[in-house]
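This is what each chain is made of:
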Amino acid sequence: GDKSSSYLKEYYDVLAGDFPSDKTQILFVVDENNEINNTALEALGIDYNKKSINFNEIVGKEYKLILNDDYYKKSGNAFTINGDPSDLSSLYNSPNAVNLKISGIIRIKKDVKISGISSGITYSDELSQFFIDNAMKSQIVQSQQTVNYNVLTGEMFSSEGQTASIGKGPMNARAANSNMKKSQTKDEVLKSLGASFVPASVSLYPVNFDSKEKITKYLDSWNNGLNEKDQVKYTDMASMVTSLSKSLMDSITLVLIAFAAISLVVSLIMIAIITYISVLERTKEIGVLRALGARKKDITRVFNAETFIIGLCSGTLGIGIAYLLTFPVNSILYKVTSLSNVAQLNPVHALALILISLLLTVLGGAIPAKMAAKKDPVTALRSE
């Protein structure tokens with residue numbers, strides 16, 4: 001329809017042919033590298049042994065849509081495939097078969113991050129609706145709706161949705177194996193016959209993480225209090241990717257912490273050396289202070305105050321620089337990954353880092369400060 005056509009035109013480029021003009025025209029979808037897997041090519045009857053396939057070999061290629069009343073025939077109380085399952089040429093050539101033609105080849109645009117259509121064949125909502133409406137009116141579906149057994153396998157539906165054999169009835173084993181699986185409910189059988197308007201799944205693409213959170217919260221509130229069978233089952237792919245990324249980032253963080261720990265040990269040693277050199281350079285000043293009546297603990301406090309000021313200033317300066325760097329880092333990451341506010345500085349973490357800086361500087365200067373306090377005043381006054 002107009003909505004699906006406008007969606008395709010907005011997010012996809014036409015590589016060959018054109019967009020469909022009616023429901024019987026379908027599209028061939030390739031990935032961003034103009035590739036498609038061999039299984040899909042084989043299913044479409046296209047030779048995949050070539051290194052490359054010309055678009056002209058695909059555009060205009062025709063297929064047949066076989067409707068239920070032509071595909072299935074009634075045999076007693078059951079239904080079988082109308083003809084030899086290994087040779088369906090008679091069904092293909094039936095005048096009731098609907099002709100489908102590939103009108104174009106499309107590829108997702110380069111600036112679009114996520115494709116809503118997988119590689120292969122895609123068709124319009126009108127074609128889906130046409131098939132569902134026809135299936136609802138078909139003989140096999142109407143028969144299945146009136147009985148409590150699988151009209152293809154001849155098995156009864158139990159109350160739990162399981163199937164139980166009701167004896168040898170007219171059936172085609174290959175048809176049963178290819179179209180049905182055991183332990184299906186009646187609704188599942190009808191769905192496999194195309195008589196269901198309920199979609200198998202719905203994909204939602206939020207514009208950002210805030211919108212994603214609103215959607216998941218809404219679904220959780222919807223499911224609250226409902227029986228499990230009535231709940232909406234969803235998979236939060238964004239959350240899964242985020243969780244995986246978080247695990248990776250945690251590993252990288254541990255490595256960075258190890259390097260940071262080594263640098264902190266080196267810093268601790270350097271602070272102790274610098275403070276010790278400061279003590280040696282101010283030996284005479286220490287002697288003057290002691291001669292004027294300063295106690296040992298007063299000398300210790302002088303040097304501890306110095307290291308405290310150094311730690312406070314260096315920690316605050318480091319936090320300030322880190323905070324300012326978050327702006328250009330976030331800007332670069334947003335341009336590269338479209339993720340906003342990746343780099344953040346938690347105030348609690350900032351305060352903790354300043355306290356760690358203070359602790360390390362005070363520890364580094366503690367021993368030299370004690371050494372300064374123990375100096376003999378007379379010897380200190382004589383030093384040059």
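Scoring rules and cut-offs
Residues numbered from 1 in each chain as written. Predicted model: local features only at pLDDT ≥ 70, side-chain atom pairs only at ≥ 80, totals over all residues. Heavy atoms only, no water. Helix = DSSP H or I, 4+ residues; strand = E, 2+ residues; numbered from the N terminus. Rg over C-alpha atoms; globule rule 2.2 N^0.38 Å. Buried < 20%, exposed > 50% of the residue type's maximum accessible area, 1.4 Å probe, protein only. Contact = heavy atoms within 4.5 Å. Areas by Shrake-Rupley, 256 points an atom, 1.4 Å probe, with all protein chains shown as cover. Lys, Arg positive; Asp, Glu negative; His and termini not counted. Charge placed at Lys NZ, Arg CZ, Asp CG, Glu CD. Core = buried A, V, L, I, M, F, W, Y, C linked by side-chain atoms within 4.5 Å. pLDDT = per-residue confidence, 0-100. Axes fitted to C-alpha atoms, helices over the stretch in contact; angles between N-to-C directions. Parallel < 35°, antiparallel > 145°, perpendicular 65-115°, else oblique. Left-handed = near helix turned anticlockwise from the far one by under 90°. Nonpolar A, V, L, I, M, F, W, Y, C, P; charged D, E, K, R; others polar. 1 Å grid on protein atoms, 1.4 Å probe; cavity = no way out; pocket = protein on both sides within 12 Å on 5 of 7 lines; lining within 4 Å. Points joined across faces, edges and corners; volume = space filled by probe spheres on them. Pairing = 2+ DSSP bridges. Salt bridge = Lys/Arg side-chain N within 4 Å of Asp/Glu carboxyl O.

Peer 1: Describe the overall build of the protein chain, listing the residues and the values that go with them.
Peer 2: When helices and strands are tallied, the protein chain shows 14 helices and 9 strands. Relative to its length of 384 residues, the protein chain is extended, with a C-alpha radius of gyration of 38 Å against a globular reference of 21 Å. Its C-alpha atoms give the protein chain principal-axis dimensions of roughly 120 × 55 × 35 Å. Within the protein chain, the fraction of its 384 residues that count as buried is 29%. For the protein chain, restricting intrachain contacts to residue pairs at least 6 apart in sequence, the fraction spanning at least 24 positions comes to 70%. When the accessible surface of the protein chain is totalled, it reaches about 25,500 Å², and 58% of it is carbon and sulfur. Side chains of the protein chain give 39 positive and 37 negative charges; the mean places of these two sets differ by 10 Å.

Peer 1: Report on the nonpolar core, specifying residues and quantitative values.
Peer 2: Generally speaking, nonpolar side chains in soluble globular proteins are found buried as a group. Membership of the largest hydrophobic core comes to 18 residues, with the highest contact counts inside it found for Phe-28 and Ile-46. Elements with a minimum of two residues in this core: strand S2 (25-30), helix H2 (38-43), strand S3 (62-65) and strand S6 (98-108). Top contributing element to this core by residue count: S6, with 4 residues. The residues contacting Ile-46, other than those within four sequence positions of it, are Phe-28, Leu-41, Ile-53, Ile-58, Lys-61 and Tyr-63. By size, the runner-up hydrophobic cluster in this structure holds 16 residues, among which are Tyr-71, Phe-157, Val-189 and Leu-190.

Peer 1: Before we move on, can you summarise the environment of Met-371 with the specific residues and values?
Peer 2: Checked against the element boundaries, Met-371 lands in helix H13 (residues 347-373). Through-space distance from the C-alpha of Met-371 to that of Glu-281 is 13 Å; in sequence the pair is 90 residues apart.

Peer 1: Before we move on, can you summarise the confidence of the model for the protein chain with the specific residues and values?
Peer 2: Counting all residues, the mean pLDDT for the protein chain is 82, and 90% of those residues have values of 70 or more. Averaged pLDDT values for the elements of the protein chain fall to 41 in helix H7 (residues 173-179) and rise to 92 in S6. Of the regions scoring below 50 in pLDDT, residues 161-182 engages in 44 contacts with residues more than four places distant in sequence or in other chains.

Peer 1: How would you summarise the packing of helix H12 (residues 296-337) against H13 if you had to cite specific residues and measurements?
Peer 2: Working note: a packed helix pair is described by the angle between its axes plus the distance between those axes. Contact geometry of H12 with H13 gives a least axis separation of 7 Å together with a crossing angle of 150°. As far as their axial angle goes, H13 and H12 are roughly antiparallel. Where H12 crosses over H13, the two elements pack in a sense that is right-handed. Each residue belonging to the contact of H12 with H13 can be placed in one class, and the counts come to 14 nonpolar, 10 polar and 1 charged.

Peer 1: How would you sum up the layout of surface pockets? Please name residues and give values.
Peer 2: There is about 1,600 Å³ of room inside the second largest pocket. Secondary-structure elements contributing two or more residues to the lining of the second largest pocket are helix H1 (2-11), S2, S3, helix H3 (68-71), helix H4 (89-92), strand S7 (120-122) and helix H5 (125-137). In terms of residues, the lining of the second largest pocket owes the most to one element, H5, which gives 7 residues. Across the lining of the second largest pocket, the residue classes break down as 26 nonpolar, 14 polar and 6 charged.

Peer 1: Tell me about the side chain of Ser-278, residues and numbers included.
Peer 2: Considering the arrangement of structural elements, one finds Ser-278 in helix H10 (residues 237-281). Residue Ser-278 is classed as buried on the basis of its relative accessible area of 10%. With residues up to four places along the chain from it excluded, the contact list for Ser-278 reads Phe-303 and Glu-306.

Peer 1: I'd like a description of the pairing of strand S5 (residues 78-81), backed by residues and values.
Peer 2: Strand direction decides the pairing type here: strand S4 (residues 72-75) and S5, joined by 4 bridges, are antiparallel. Of the residues in S5, the one forming a bridge with Tyr-72 is Ile-81. As consecutive antiparallel partners, S4 and S5 are separated by 2 residues, and within that stretch Gly-76 has a phi angle of approximately 75°, a positive value.

Peer 1: Explain the pattern of salt bridges to me, and be specific about the residues and the numbers.
Peer 2: On inspection of all chains with the given rule, the structure shows 6 salt bridges. Its salt-bridge partner being Lys-212, residue Glu-213 comes within 2.9 Å of it at the nearest N-O pair. Of the charged contacts in the structure, one is a salt bridge between Asp-298 and Arg-301, with a shortest N-O distance of 3.7 Å. A residue pair is termed a helical-turn pair when its members lie 3 or 4 positions apart in one helix, as Asp-298 and Arg-301 do in helix H12 at 3 residues. On the accessibility criterion, Asp-298 (21% relative accessible area) is partly exposed. If you follow the salt bridges from partner to partner, you end up with Lys-212, Glu-213 and Asp-236 in one network.

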